[in-house]
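# Analysis of the macromolecular model
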Amino acid sequence: MVQAQQQTAAQTQAAAQAKAAAQAQAQQQAAQLAAQQQAAAQAQAQQQAAAQAEAQAQASQNSGQYRNGTYTGSSVDVFYGYVQVQAVIKSGQIADVRFLQYPNDRGTSRQINSQAMPLLTQEAIQVQSANVDGVSGASATSQGFVQSLSDALSQAHA
């Protein structure tokens with residue numbers, strides 16, 4: 001009977017050791033799984049951060065309302081001649097406006113436009129659109145500028 005009790009105690013102890021070993025193994029597997037999940041989450045976070053950085057870099061490259069490039073507006077008849085402009089877009093913004101045509105066959109036209117063209121260009125760059133105030137004394141050139149630049153910017157819209 002003592003021997004049976006010792007045998008039962010040994011079996012109970014062996015079962016307890018087996019149970020403890022199984023629990024330890026389960027805990028180890030759970031820890032490994034948690035580590036794998038954490039590594040996967042970190043990798044995913046790094047991929048998201050890289051994608052976000054790339055999107056921000058692309059956005060800063062094209063940070064504006066226009067596509068980069070050079071766009072030519074229509075030629076507009078302004079009674080004394082034609083006005084046609086070209087919009088230069090850099091980093092999504094109007095960087096320059098160039099006059100390709102403007103009334104210049106008369107001395108008065110050359111004088112008026114030599115003063116009006118820089119003002120119109122400067123204001124378009126400042127407001128980043130064709131919605132500029134007309135220049136006093138150069139209303140025909142101003143209207144042609146607005147129409148031609150509006151056409152060029154409509155081509156450049158992002």
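Just so we're clear, the structure is a prediction, and the values are computed from it rather than from any experiment.

## So, the nonpolar core
Grouped together as the largest cluster of nonpolar side chains are 24 residues, with contacts concentrated most on I89, F145, L149 and L153. Where this core is concerned, the elements lending two or more residues are β3 (82–90), β4 (93–101), α2 (107–127) and α3 (139–156). Look past the residues within four positions of L149 in its chain and what remains in contact with it is V85, A87, V97, A124, S129 and A130.

## Side note on the layout of surface pockets
In this structure, the largest pocket spans a volume of roughly 170 Å³. Lining of the largest pocket is provided by 13 residues; of these, Y80, S109, I112, G137 and T141 occupy positions nearest its centre. The leading source of residues in the lining of the largest pocket is α2, at 4 residues.

## Points about unusual backbone geometry
One non-glycine residue, S91, lies in the positive phi region at around 50°. Residue Q128 is not a glycine yet carries a positive backbone phi of 55°. Looking at the element boundaries, Q128 is found in the loop between α2 and α3.

## Here's the deal with the environment of G64
Among the secondary structure elements, G64 is positioned in the loop between α1 (2–61) and β1 (69–72). Residue classification places G64 among the partly exposed positions, given a relative accessible area of 34%. When residues no more than four places from it in sequence are discounted, the contact partners of G64 are S91, G92 and Q93.

What counts and what doesn't
Residues numbered from 1 in each chain as written. Predicted model: local features only at pLDDT ≥ 70, side-chain atom pairs only at ≥ 80, totals over all residues. Heavy atoms only, no water. Core = buried A, V, L, I, M, F, W, Y, C linked by side-chain atoms within 4.5 Å. Buried < 20%, exposed > 50% of the residue type's maximum accessible area, 1.4 Å probe, protein only. Helix = DSSP H or I, 4+ residues; strand = E, 2+ residues; numbered from the N terminus. Contact = heavy atoms within 4.5 Å. 1 Å grid on protein atoms, 1.4 Å probe; cavity = no way out; pocket = protein on both sides within 12 Å on 5 of 7 lines; lining within 4 Å. Points joined across faces, edges and corners; volume = space filled by probe spheres on them.

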